[in-house]
Amino acid sequence: MSKTILITGGAGFIGSHLIELMVRKYPDYRIVNADALTYAGNLENLSGIDKAENYSFEKVDIQDVAAVNALFDKYAFDGVIHLAAESHVDRSIESPTEFILTNVLGTVNLLNAARNSWGEGAEGKLFYHVSTDEVYGSLGDTGYFHEETPYDPRSPYSASKASSDHFVRAYYHTYKLPVVISNCSNNYGPYQFPEKLLPLMINNIKNQQSLPVYGDGQNVRDWLWVGDHCTAIDQIFHGGRVGETYNIGGHNERKNLEIVHALCDILDRKLDRPEGKNRELITFVTDRKGHDRRYAIDSSKLQGELGWKPTVSVEEGLEKTIDWYLANQEWMDRVTSGAYQGYYERMYSGRE
Ligand code: NAD
Ligand code: TYD
């Protein structure tokens, strides 16, 4: 094996796509997936590659210093790609503390372990921190987030991610730990947990349940196909400049209501329902507290330096995503049973 790479959060949505890409594309890399398997982590997402010789899984909670240090003692990592996080804004509004423990403290535990393992200078090593555009706050009707946009996080989730980004940069400046950060817009695609907008709406449309659109539905997100995010991570990991930040986004801005309408209309067709039937399920519900109005990313630095480009349009991506969820009802059934149901009820009862 030419390199041993730690990927944290590899049984979650983006992490499982990234692990699959890295395990297949780099057979000479040992890929170690460390994940605590919270409600959002599902090893079933990795069934395509989990027997591969260059892949191994370690159940590790990054809040646990001893477990993180033992992991770094067991493997001599050449690189870390850190995705493990609490990732859902509504959960962060309900209980922020877990976000601080995993996203901030967990990240610092990994930084400390990398620093101890690599020593000063750490030639040839890289700590890659995967972050979000939400650290930049909320845009008005115009403009884009670029790498120099001042941080202005406005939810407990984005505040915890912003804090972790600051720690990563502080370790670069203070200890010369080789780091790189990327801040990406909203991802979508297969294996996304149905607490997020797209899989939640697809599942509810399929089951003819109401579609809870927050506020006026005019909030804007910049949607990126998860595979395009993973390609960007691969390119930044291999070609990004140490100490730099790269914004990743699809230039695919859509209002939430436009996305929900598109899902309804595609599913009218795919489920043989009369045209317009699914839109009748739309229910406007109480807005999310502190709901960020608009995110939009300027990814020209990444495109210019590394030649990355998104390859999947929203129209194509929505079709692919819907087809995957329709073909994988068993995955959805397992995910929506048990713990998730309790969460769903807490979040939505009394809202309509
Ligand atoms: P996810 O919630 O689907 O997966 C998170 C994974 O982290 C899960 O497998 C979970 O088990 C694991 N995890 C949580 N707490 C842990 C802990 N204490 N120790 C070890 N593992 C733990 O999240 P995702 O959507 O795949 O996001 C992955 C990363 O990408 C996150 O850092 C997120 O902030 C970032 N990001 C996500 C998006 C998006 O649209 N989903 C956009 C930009 C950036
Ligand atoms: P989400 O998928 O939670 O991602 P984020 O909050 O990180 O952008 O939500 C995307 C948008 O959809 C956001 O503006 C909130 C909105 N939304 C709804 O209107 N209804 C819902 O049930 C959910 C989960 C989200």
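Predicted, not measured: the structure shown is a model, and the values here were computed from it. (Residues numbered from 1 in each chain as written. Chains lettered and ligands numbered in written order. Predicted model: local features only at pLDDT ≥ 70, side-chain atom pairs only at ≥ 80, totals over all residues. Heavy atoms only, no water.)

### A few points about helix α6 (residues 197-206)
- Where burial is concerned, most of α6 is hidden: eight out of the ten residues are buried.
- Taken residue by residue, α6 has Leu198, Pro199, Leu200, Met201, Ile202, Asn203, Asn204 and Ile205 as its buried positions.
- In the segment just after α6, glutamine 208 is the residue with positive phi, at about 55°. (Buried < 20%, exposed > 50% of the residue type's maximum accessible area, 1.4 Å probe, protein only. Helix = DSSP H or I, 4+ residues; strand = E, 2+ residues; numbered from the N terminus.)

### Some remarks on helix α4 (residues 97-118)
- In a regular helix each residue adds 1.5 Å, so 22 residues correspond to 32 Å; α4 covers 30 Å between its end C-alpha atoms and thus fits that length.
- Bending of α4 peaks at approximately 30° at the position of leucine 105.
- At the exit of α4 stands glycine 119, carrying a positive phi of roughly 75°. (Expected span 1.5 Å × (residues − 1). Bend = angle between axes of the 7 residues up to and from the residue.)

### Some remarks on the pairing of strand β8 (residues 211-214)
- The side-chain alternation of β8 yields two buried faces, one formed by Leu211 and Val213 and the other by Pro212 and Tyr214.
- By the bridge criterion, four bridges tie β8 to strand β13 (residues 282-285) in an arrangement that is parallel. Across the sheet, proline 212 pairs through a bridge with threonine 283, a residue of β13. (Pairing = 2+ DSSP bridges.)

### Section: the site of ligand 1
- The environment of ligand 1 is formed by 28 residues, the closest being Ile14, Asp35, Ser87, Tyr157 and Lys161.
- Between aspartate 35 and ligand 1, the recorded distance is 2.5 Å, taken from a side-chain N or O atom to an oxygen atom.
- When ligand 1 is considered free in solution it has 830 Å² of accessible area, and contact with the protein chains removes 96% of it.
- Looking at the shell around ligand 1, the elements that each hand over two or more residues are α1 (13-25), β5 (126-132) and α5 (156-175).
- Taken together, the residues that form the shell around ligand 1 break down as 14 nonpolar, eleven polar and three charged. (Near = heavy atom within 4 Å. Polar contact = N/O pair within 3.5 Å; in protein donor to acceptor, adjacent residues only side chain to side chain. Areas by Shrake-Rupley, 256 points an atom, 1.4 Å probe, with all protein chains shown as cover. Nonpolar A, V, L, I, M, F, W, Y, C, P; charged D, E, K, R; others polar.)

### Brief notes about the packing of α6 against helix α11 (residues 329-336)
- Where α6 meets α11, the axes come as close as 12 Å, and the angle between the chain directions of the two elements is 105°. It follows from the interaxial angle that α6 and α11 lie roughly perpendicular. Counted together, Pro199, Asn203 and Lys206 of α6 and Gln329, Met332 and Thr336 of α11 form the full contact between these two elements.
- Along the lines of polarity and charge, the residues of the contact of α6 with α11 split into two nonpolar, three polar and one charged. (Axes fitted to C-alpha atoms, helices over the stretch in contact; angles between N-to-C directions. Parallel < 35°, antiparallel > 145°, perpendicular 65-115°, else oblique. Contact = heavy atoms within 4.5 Å.)

### Examining the environment of asparagine 33
- Position of asparagine 33 among the secondary structure elements: in strand β2 (residues 29-35).
- Between the alpha carbons of asparagine 33 and isoleucine 7 there is a distance of 5.0 Å; along the sequence they are 26 residues apart.
- At a separation of 3.1 Å, a polar atom in the side chain of asparagine 33 contacts the side chain of tyrosine 55.

### Comments concerning the pattern of salt bridges
- Within the structure shown, the criterion is met by 21 salt bridges.
- Across the pair aspartate 265 and arginine 279 runs a salt bridge whose closest N-O atoms are separated by 2.6 Å. Note that aspartate 265 is positioned in helix α8 (residues 256-270) and arginine 279 in the loop between α8 and β13, a separation of 14 residues in sequence.
- One network of salt bridges, with partners in common, ties together Arg241, Glu244, Lys301 and Glu305. (Salt bridge = Lys/Arg side-chain N within 4 Å of Asp/Glu carboxyl O.)

### Describing the side chain of asparagine 42
- Locating asparagine 42 in the fold gives a position in the loop between β2 and β3 (55-59).
- Residues within four places of asparagine 42 in sequence aside, it is in contact with Ala11, Leu37, Trp331 and Val335.

### Things to note about the sheet that holds strand β11 (residues 245-248)
- Spatially, the seven strands line up as an open sheet ordered β3-β2-β1-β4-β5-β6-β11, and their pairing is parallel. Single-partner strands in this sheet number two, and they are β3 and β11. The average angle at which neighbouring strand axes cross in this sheet is 20°, direction not considered.
- As paired strands, strand β1 (residues 3-8) and β2 are joined by six bridges and run parallel to one another. The partner of threonine 4 across the bridge, within β2, is arginine 30.
- On top of the sheet, α1 reaches β1, β2, β3 and β4 (79-82); it is set at about 165° to β2, its chief contact.
- Taken strand by strand, helix α7 (residues 226-239) contacts β1, β2, β4, β5, β6 (179-184) and β11, and its axis lies near 150° from that of β5.

### Looking at the pairing of β6
- Burial within β6 is extensive, with six of its six residues counted as buried.
- Side-chain alternation along β6 places Val179, Ile181 and Asn183 on one buried face and Val180, Ser182 and Cys184 on a second face that is also buried.
- In the sheet, β5 pairs with β6 via six bridges, with the strands oriented parallel. The residue of β6 that forms the bridge with serine 131 is asparagine 183.
- Each parallel crossover has a hand, and for β5 linked through α5 to β6 it is right-handed.
- Pairing analysis gives four bridges linking β6 to β11, with the strands arranged parallel. By the bridge assignment for β11, asparagine 183 is matched with asparagine 247. (Right-handed = clockwise from strand over helix to strand, strands pointing away.)

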